[in-house]
Amino acid sequence: MRKAFDFLLSIFKKKIRITFFQDDFQPLFSLRFTLVTFLIWIIGYATIIIMITLFIISKTSLKEYIPGYGGIKEKKQILQLIKKTDSLENVIQIKGQYVQNILR
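Scope of this entry: the structure provided in the associated data block. These figures come from a predicted structure and were not determined experimentally. Every chain is numbered on its own, with residues counted from 1 as its sequence reads. Restriction of local features to residues with pLDDT of at least 70 applies here, the model being predicted, together with a cutoff of 80 or more for giving and counting side-chain atom pairs; totals for whole chains, interfaces and linings are based on all residues. By convention in this description, side-chain values take in all heavy atoms of the structure and omit both hydrogens and water.

1. Overview of the packing of aromatic side chains
Here is step 1 of the chain: We call Phe, Tyr and Trp rings a pair once their centres come within 6.5 Å, taking the six-membered ring for Trp, and we label the pair stacked below 30 degrees between planes, edge-to-face above 60, and tilted otherwise. Within this structure, the stated rule accounts for three aromatic pairs.
Here is step 2 of the chain: When the centroid spacing of 4.8 Å and the interplanar angle of 35° are considered together, the rings of Phe 20 and Phe 29 count as tilted.
Here is step 3 of the chain: When the centroid spacing of 5.6 Å and the interplanar angle of 35° are considered together, the rings of Trp 41 and Tyr 45 count as tilted. Here Trp 41 pairs with Tyr 45, and both are found in helix 2 (residues 35-59), just four residues apart, close to one helical turn. Under the scheme used here, helices are H or I runs from DSSP no shorter than 4 residues and strands are E runs no shorter than 2 residues, and both carry numbers assigned from the N terminus.

See below:
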């Protein structure tokens, strides 16, 4: 168990170097890091991108494209349409009773 832990620790402490070259194989720039610092940078960038995306969606009109997340105008319109359909159902029921009473 101790050997496995030491092996994993050695992998995380191992230094990695990545060099980017130009077209004529001249080094453009070089990065040197460990696996732990690389993972920390990736997690940090992913967190920042997710936070920016959520901020943009919540503060702009993009949130209207999310299913089930409508604006205030749409909610008011839905309530008005529900009231109208309820009243129309009541009118239809009353007229149906009137027709049934006439037919008796």
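So, next bit.
2. Thoughts on helix 3 (residues 72-103)
Here is step 1 of the chain: Its 32 residues give helix 3 an end-to-end C-alpha distance of 47 Å, which sits within 8% of 46 Å, the value for a rise of 1.5 Å per residue.
Here is step 2 of the chain: Burial classes: relative accessible area under 20% of the type maximum marks a residue as buried, over 50% as exposed, and values in between as partly exposed (1.4 Å probe, protein chains only). A small share of helix 3 lies buried, amounting to zero of its 32 residues. Residue count minus one, scaled by 1.5 Å, sets the expected span of a helix.

3. Details of the pairing of strand 1 (residues 15-21)
Here is step 1 of the chain: For strand 1 and strand 2 (residues 27-34), the ladder comprises seven bridges, and the chain directions are antiparallel. Across the sheet, the residue bridging to Arg 17 is Arg 32, located in strand 2.
Here is step 2 of the chain: Two strands pair if DSSP finds at least two bridges between them. Once strand 1 ends, the chain turns through five residues before running back antiparallel as strand 2, passing Phe 25 with a positive phi of about 60°.

4. A word on the environment of Ile 18
Here is step 1 of the chain: By secondary structure assignment, the location of Ile 18 is in strand 1.
Here is step 2 of the chain: Sequence spacing of Ile 18 and Ile 52 is 34 residues, and the spatial spacing of their C-alpha atoms is 28 Å.

5. Quick look at the pattern of salt bridges
Here is step 1 of the chain: Salt bridges are defined by distance alone: a side-chain nitrogen of Lys or Arg within 4 Å of a carboxyl oxygen of Asp or Glu. Across all of its chains, the model carries one salt bridge by this definition.
Here is step 2 of the chain: The partner of Asp 6 in a salt bridge is Arg 2, with the nearest N and O atoms 3.8 Å apart. In this pair, Asp 6 and Arg 2 are both assigned in helix 1 (residues 2-13), four residues apart and thus about one turn of the helix distant.
Here is step 3 of the chain: Exposure remark for Asp 6: the relative accessible area of 35% places this residue in the partly exposed category.

6. Section: unusual backbone geometry
Here is step 1 of the chain: Residues other than glycine seldom take positive phi values, yet Phe 25 does so here, at roughly 60°.
Here is step 2 of the chain: Relative to the helices and strands, Phe 25 resides in the loop between strand 1 and strand 2.

7. Here's the deal with the environment of Lys 3
Here is step 1 of the chain: Examined against the element boundaries, Lys 3 turns out to sit in helix 1.
Here is step 2 of the chain: For Lys 3, a relative accessible area of 74% translates into the label exposed.
Here is step 3 of the chain: It is 81 Å that separates the C-alpha atoms of Lys 3 and Ile 92, two residues lying 89 residues apart in sequence.

Purely geometric numbers; function is a separate question.
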